[in-house]
Amino acid sequence: PHLTRLRSRRTIKAVDTPERAVRLTLITNVVQAGVAVATGVIAARVLGPTGEGELAAIQTWPMLLATIAMLGIPEALVFYISRTPERSGQFVSTAVTIAMASSLLVGVVAWVFLPDLLSAQRPSVIAAARVFLAIGPLYALVGIPHGALRGARLFVSWNVLRLFPNLVWLGVLISALVIGHGNAIVLSRLFLLGTAVTGFPALIIVRQRLRGKAVPDPHLAPSLLRFGLPSVLTTLPQTINLRLDQLLIVAFLPARSLGLYVVAVAWSGALAPLLSAVGSVLFPHVSAEHGAERQSQMLSTALQGGMVVAIAGCVVLMALAPLGVPLVFGSRFARAVPAAMVLVPAGAILAWAAVAKEGLRGLGRPTVVLIAEVLAAVVTVATLPVLLSRFGIVGASVASLLGYATVGVFTAVAISRIAHLPLRSLVVPTWSSTKSTVHRSISLLRGRRRGRDSND
């Protein structure tokens, strides 16, 4: 009984208010963004455009296939654990069992077809990509339990644990920089090792924080798959929208072109950590809230504030790109600036749409997210091959902009209809919402407490 009371107190403290959760997640995202910038810069300087492209070629397909092999289980866990946290241990163990079996099957199939998917790369790079397929079982074993903490709204533990792999990766790259020699194949294997080293000890912490017996329950599998399969089906068109550009560049253009494009994408993604903090918290809180009026209020507040951040960030990043990209990544990447200028507004739209998609999942509408991604994939497939062949990586950037805009428009309209909110209140920032966002941002950074209305 004493241990039960202590666990209950820890849970109540971790699940505090949405504002506290956003603050913790925002701080973690900012730290992660700083680490990502550092790793991107160091990798670019250690490997150069060709080596950077080879590292991307090694990692792109295995990471994509690992995500698909999860069958949308991570999203399903957030939804169900947020509603029944007392059974979180059973949900997690069942989810790990399903994901492990799926990742092993996908890995065997991918081993056969990777040489064709990476036909433009060196044989040693293809062999390294085959080794990197081990990321799938690793995600299933250590990633799913860690991600379940978000469903339980244990944001302190979730945010602390997700920092570890990035810090280890930063340490690996710093070592390569100090030594003065970098090899994409060696670094890819050290990435796998770092994921395992940080992941397995974290399992102990996860087991202590989640409730219920950690025993798989076959009766939970249908519920997990019913929610998860629309999410994993969403991954396929979402991959077309997010990764088809890089996959085509890997297949048909030299590694140097991919290296330039990766840097442009990295520059344009600076807004994602800020807005993903809102989306990460929005999903479990909306799904746990049973009042329609309260859900609508949460969605309106989050999307209005997200639009303010997206617009402001887009202006700043576009203004800084001509000087910032060569300064940060090195003069060899100056040719990435035109693509970065197009990808910045695309990234701003994508970051805002990610918040909207998390809101839809919180409403229990993963199928609507799937439809949005399918429509965007149609746009991407129709425009990317033509634009890439004619304008290179700049054309790929334009195709991404068109695809991301499709997702943003559709999700906004969907939320407006489902939650019975005026479309304008979601996508057009007002002066009052702008002031509120600034005040909330200052409050989050300073850690001040407010009343319930502003917290939620």
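These figures come from a predicted structure and were not determined experimentally.

### Examining the overall build of the chain
Each helix and strand in the chain was counted, giving 18 helices and zero strands. A separation of at least 24 residues holds for 84% of the contacts in the chain among residues at least 6 apart in sequence. Of the accessible surface of the chain, which amounts to about 19,600 Å², a share of 69% is contributed by carbon and sulfur atoms.

### Focus: the environment of Val 409
Its place among the elements puts Val 409 in helix H15 (residues 366-418). Take Val 409: its relative accessible area is 55%, and that puts it in the exposed class.

### Here's the deal with a nonpolar patch on the surface
A surface patch of nonpolar side chains, amounting to about 520 Å² of accessible area, comprises Leu 105, Val 109, Trp 111, Val 112 and Phe 113. Checked against the element boundaries, Leu 105 lands in helix H4 (residues 88-117).

### Comments concerning a positive patch on the surface
A surface patch of positive charge is lined by Arg 45, Arg 256, Arg 332 and Arg 335. Checked against the element boundaries, Arg 335 lands in the loop between helix H13 (292-329) and helix H14 (337-362).

### Brief notes about the packing of aromatic side chains
Tallied over the entire structure, the rule returns six aromatic pairs. Ring centres 5.2 Å apart and planes at 80 degrees place the aromatic pair Trp 169 and Phe 191 in the edge-to-face group. Here the residue Trp 169 occupies a position in helix H8 (residues 164-179), and Phe 191 occupies one in helix H9 (residues 184-209), the gap between them amounting to 22 residues. Phe 191 gets classed as buried once you look at its relative accessible area, which sits at 18%. Site record: aromatic cluster; members linked through ring pairs are Phe 79, Tyr 80, Phe 91 and Phe 227.

### Some thoughts on the pattern of salt bridges
Tallying each qualifying case throughout the model produces four salt bridges. Salt-bridge contacts for Glu 54 lead to Arg 122; the nearest nitrogen and oxygen are separated by 3.0 Å. One end of the pair, Glu 54, is in helix H2 (residues 18-69); the other, Arg 122, is in the loop between H4 and helix H5 (123-131), and 68 residues separate them in sequence. Among the salt bridges present, the one from Lys 357 reaches Glu 373, with a minimum N-O distance of 2.6 Å.

### Observations regarding H15
With 53 residues, H15 ought to run about 78 Å at 1.5 Å a step, yet its terminal C-alpha atoms sit only 13 Å apart, falling short of that. Taking the largest bend as the criterion, H15 deviates by roughly 150 degrees, centred on Phe 391. Immediately beyond the C-terminal end of H15, within one or two residues, lies His 420, with a positive phi of roughly 55 degrees.

### Here we look at the packing of helix H3 (residues 73-83) against helix H6 (residues 135-151)
The N-to-C vectors of H3 and H6 enclose an angle of 40 degrees; their axes lie 8 Å apart at closest approach. Handedness of the crossing formed by H3 with H6: right-handed. In this structure, H3 uses Ile 73, Pro 74, Leu 77, Val 78, Ile 81 and Ser 82 to contact H6, whose residues at the interface are Ile 144, Gly 147, Ala 148, Arg 150 and Gly 151. Class assignment of the residues belonging to the contact of H3 with H6 gives a composition of seven nonpolar, three polar and one charged.

### Quick notes on H6
For H6, which comprises 17 residues, the first-to-last C-alpha distance of 23 Å matches the rise-based estimate of 24 Å (1.5 Å per residue) to within 8%. The largest bend along H6 reaches roughly 40 degrees and is located at Gly 143, with the proline Pro 145 sitting one to four residues downstream. Among the 17 residues that make up H6, twelve are buried, leaving the element largely enclosed by the rest of the structure. A positive backbone phi angle near 60 degrees is found at Arg 153, which sits one or two residues after H6.

### Examining unusual backbone geometry
One non-glycine residue, Leu 71, adopts positive backbone phi at about 60 degrees. Mapped onto the elements, Leu 71 comes out in the loop between H2 and H3. Despite not being glycine, His 420 has its phi angle at roughly 55 degrees, a positive value. We classify His 420 as exposed; its relative accessible area is 70%.

### Some remarks on the packing of H8 against H9
Running from N to C, H8 and H9 cross one another at 145 degrees; their axes reach a closest spacing of 9 Å. Considering only the axes of H8 and H9, their crossing is right-handed. Contacts between H8 and H9 pair Phe 164, Pro 165, Val 168, Trp 169, Val 172, Leu 173 and Ala 176 from the former with Leu 187, Leu 190, Phe 191, Gly 194 and Thr 198 from the latter. A per-class count over the contact of H8 with H9 returns ten nonpolar, two polar and no charged.

### Focus: the environment of Val 108
Residue placement: Val 108 occurs in helix H4. In the structure, Val 108 is positioned 22 residues away from Arg 130 in sequence and 9.8 Å away in space, judged by C-alpha atoms.

Conventions used here
- Residues numbered from 1 in each chain as written.
- Predicted model: local features only at pLDDT ≥ 70, side-chain atom pairs only at ≥ 80, totals over all residues.
- Heavy atoms only, no water.
- Helix = DSSP H or I, 4+ residues; strand = E, 2+ residues; numbered from the N terminus.
- Contact = heavy atoms within 4.5 Å.
- Areas by Shrake-Rupley, 256 points an atom, 1.4 Å probe, with all protein chains shown as cover.
- Buried < 20%, exposed > 50% of the residue type's maximum accessible area, 1.4 Å probe, protein only.
- Patch = residues over 30% accessible without salt bridge, like charges linked within 9 Å, V, L, I, M, F, W, Y side chains within 5 Å.
- Salt bridge = Lys/Arg side-chain N within 4 Å of Asp/Glu carboxyl O.
- Lys, Arg positive; Asp, Glu negative; His and termini not counted.
- Charge placed at Lys NZ, Arg CZ, Asp CG, Glu CD.
- Phe/Tyr/Trp six-rings, centres within 6.5 Å; stacked < 30°, edge-to-face > 60°.
- Expected span 1.5 Å × (residues − 1).
- Bend = angle between axes of the 7 residues up to and from the residue.
- Axes fitted to C-alpha atoms, helices over the stretch in contact; angles between N-to-C directions.
- Left-handed = near helix turned anticlockwise from the far one by under 90°.
- Nonpolar A, V, L, I, M, F, W, Y, C, P; charged D, E, K, R; others polar.

All quantities given are derived from atomic positions and should not be read as evidence of function.
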